[in-house]
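Take a look at the letters that make up each chain.
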Amino acid sequence: MAIDMLTLENRYIDSCRRHGVLPNATILSSFFKAEVKKSNQEPCILEILIDDLKDIDFAPLFEICMNIDTSEIEAVDVRNESPCVLSGEYALPLMRAIKQKLRVVELQDVSFAKDFVRDISQRGLTCQVLTLRSWRFRKLSLMGEFMHMHTLNLDFSSSLTGFEEDCFNCMPNLMCLSMCETRISNLWTTVAALSKLPSLVELRFQYWQYCNDEGTSFTSSSGKSDATADFSLLDKVPFIGESCIDTSELTDLNISVEDPLRNFYSFDEEVMNNDVQSMVEDSSDDSEIELTNHHHRDWLAGVFPRWSLQMPLQSENEEQSSRDYFTGNSVDVSMKYMSCHASPICQEKHYREFITASLPKLKSLDNLPIRNIDKERATGIFSQYFEYLPYRWKSKESVLSILHKREIKSGRIKVQSSKRSPSHISGTSQHFYTRSLSAAKLGSSTWPLLHPLSLSGFELDKGFRPRQFEYHPSDSSLMVFGTLDGEVVVINHESEHIVSYIPSLGAMNSVLGLCWLKKYPSKLIAGSDNGSLKLYDINHIPRKITGLYGNSGCVTFDEFDQLTSVHVNSTDELFLASGYSRNVALYDINSGKRLQVFTDMHRGHINVVKFANHSPSIFATSSFDQDVKMWDLRQKPIHPCFTASSSRGNVMVCFSPDDQYILASAVDNEVRQFLAVDGRLHLVFDIAPTESSQNYTRSYYMNGRDYIISGSCDEQIVRICCAQTGRRLRDISLEGKSLGSSMFVQSLRGDPFRDFNMSVLAAYMRPGSKSEIVKINLLASSSHANDDSDDHPVCPSNIMGA
């Protein structure tokens, strides 16, 4: 027979007497409330409020919790509403003792140790609803068993930026997930993690609130508006597990301001989605936000204005679909809504369509129902703006399967008659298999391998502060970088050993220009912002730091004031220099002389100059006057071959490896590709601006000219887009090694020898922190860095240059 409530309460009092502890008034009150519910024939639920529990209260309560499984109590809810006194080492055993009757665990503003969170992650909980609000963890990693959990609420955990790869592997019954006002921003890793939840039907990163014509939001029944920034309004949003809603049977059309969110579901969602999308496309985030203790402030107010959604009247085309959906009735939906507590992911263009197309079982997103017509529209938007896999592969295939097909095809070709030439269709070429293997490897994991370079080989008593870097054009293992202190360092980036070290000796400031020679692979040009220009031969540089450094292997050129860029032509005869002026200087490498200075080539300063990869006389310039110009030395560059314009100042320009295109990157994510033959616009890459005039953007080619990689100095995202269609393949998020240490893209380069490999010069925006070179391999899975590891200290550097 089940233990009745009175017996259970008496046992608790007896246990307190044995342990020499006074019965806790909160626990006695909980027993009383449970008895009242039972007497009223309501579910007998025991609520344990741990706010007022102390460690000395643990032992007697633990004994009672061990007996709850055989008692009349149907379920137990464990909550806290204020900072908790009870330590984590006692709170967790308490929850685990309740076993299968643990229904709700709701913890907010808790200062438990990391061990508490780690234990929950690794071992799991038996609860059905888990709420962790305002918790300070960066990566969600729930590896334990959560077999009974159907609702997970992480609202206001504003340090949360993403998920570990296997985060949701043990949650087969999770139906509802809410992450409002977190810092989650990456569509690809988010969808990859959520796709492992087979039962997920409701997802929320924000919620829509009804407001009147004056923009005043309607309050909840408690009288608290959104401006109070407490949790009550979010709790009123219909949520699976709280008030289960069948979105297929929404037919109530009584519009009432007393219950705006309920009536929200009565509107035509296709119209709504169109307006929601237009707002998402116009929103932006132009700075790093440091978020701590956040449910009491709306951090989005400092990022973009509050969205205000005007529900339009239905058009004739929309009227019929609305009637079909609402059982023959049409309704005037001229109402206003605004987004509240949105996470940064909601700012992404086509955010709703991307998630809807990627998670086909989802029924509700941000408390908006998803209908079949919404799914069809999402599929179309996804195919128009995104690549599911590289080279437009439609479905994932295993590497072993592709290798097997290649072997079979290779065997067939070998036994062909010698009188017949083999057919070289695209499906049998080596190029085809290389692309197939890339698509298979990239599709196997959304979390690429990120590896910060850690250098050794010289006995240096300080860390480097990289400012610019370049891969070697013919040796796949070499890379050179210049530092803020004027040093030039040649490294083997595969073994992470320093090959050559050139100290500045006061001759150089920040190294902003670097360029290897192609025909003389041991030589490189280095230029610094104080105008110093030198040619080095790394074969003549001492292999050890002796404290003495001569001029062996070094040629010094005439200075170019305020230099930002240098580049050598294809024959290694000439190089160009540009900087904070409207002029470009031409140098002869063999003689060491400056041949000419071309003046007034632009109306503003010329940040970057680049020679073509194959023609020794063709070069391009990019200027903050918003123009990119092509020049030919054979025509004495007085007039450009053509001028192509952007709407903002151009940060840089580069040629595609085959010189068919030039890629121009302007301030704030304006990236355009032009035909090199005549400057006609070929493609505009659809990257959302942040509305920051200081968001300097740089873009380069990867995998030959198949893809472009783009990053900006105000953002921690590297974007990968198809160079022929502009479709987005993937976003890579850069994160520091410690909580709250955001990294931003200072410069980046595609690896010329390895497909889907690149390196990024990432700068921390925190004072006293340092920049570092991070190698990214999209074809290898990431083993994420430990959050407990120490951060590496370095200052953000000059934002100009290539």
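Before reading further, recall that the structure is shown in the block above.
Conventions used here
Residues numbered from 1 in each chain as written. Predicted model: local features only at pLDDT ≥ 70, side-chain atom pairs only at ≥ 80, totals over all residues. Heavy atoms only, no water. Helix = DSSP H or I, 4+ residues; strand = E, 2+ residues; numbered from the N terminus. Buried < 20%, exposed > 50% of the residue type's maximum accessible area, 1.4 Å probe, protein only. Expected span 1.5 Å × (residues − 1). Arc of directions from axis to C-beta. Polar contact = N/O pair within 3.5 Å; in protein donor to acceptor, adjacent residues only side chain to side chain. Contact = heavy atoms within 4.5 Å. Phe/Tyr/Trp six-rings, centres within 6.5 Å; stacked < 30°, edge-to-face > 60°. Lys NZ or Arg CZ within 6 Å of the ring centre and 35° of its normal. Pairing = 2+ DSSP bridges. Axes fitted to C-alpha atoms, helices over the stretch in contact; angles between N-to-C directions.

A. Quick look at unusual backbone geometry. Of note, the phi angle at Gln 41 is positive, near 60°, even though the residue is not glycine. With respect to the helices and strands, the residue Gln 41 is situated in the loop between helix H2 (25-39) and strand S1 (45-49). Here Gln 41 falls in the exposed class, since its relative accessible area comes to 76%. Its identity is not glycine, yet Lys 99 carries a phi of approximately 60°, on the positive side.

B. Representation of helix H12 (residues 372-385) within the structure. The terminal C-alpha atoms of H12 lie 20 Å apart, and with 14 residues this matches the ideal 20 Å at 1.5 Å per residue to within 8%. Residues of H12 that are buried include every one of Asp 374, Ala 378, Ile 381 and Phe 382, and no others. For H12, the arc enclosing every buried residue in end-on projection is 100°, short of the 170-degree limit, so these residues lie on one face. Residues Asn 372 and Glu 376 are exposed on H12 and point more than 90 degrees away from its buried face.

C. Structural context of the side chain of Ser 339. By secondary structure assignment, the location of Ser 339 is in strand S12 (residues 336-340). Within polar-contact distance, the side chain of Ser 339 engages the side chain of Gln 206 at 2.5 Å.

D. Representation of the environment of Phe 146 in the model. Mapped onto the elements, Phe 146 comes out in the loop between strand S5 (139-140) and strand S6 (151-153). Note: C-alpha distance between Phe 146 and Leu 174 (28 residues apart in sequence) is 8.5 Å. The residues contacting Phe 146, other than those within four sequence positions of it, are Ile 120, Ser 121, Gly 124, Leu 125, Leu 130, Cys 170 and Met 171.

E. Fine view of the packing of aromatic side chains. Scanning the entire structure with this criterion turns up 22 aromatic pairs. Positioned above the aromatic ring of Tyr 520, the side-chain terminus of Lys 523 is 5.2 Å from the ring centre. We note Arg 749 situated over the ring of Phe 469; from NZ or CZ to the ring centre the distance is 5.6 Å.

F. Main features of the sheet that holds strand S42 (residues 772-781). Taken in spatial order, the four strands make up an open sheet running S15-S42-S41-S40, and their pairing is antiparallel. Looking at the sheet topology across the chains shown, the edges are occupied by strand S15 (448-452) and strand S40 (743-750). Neighbour to neighbour, the strand axes of the sheet diverge by 30° on average, direction disregarded.

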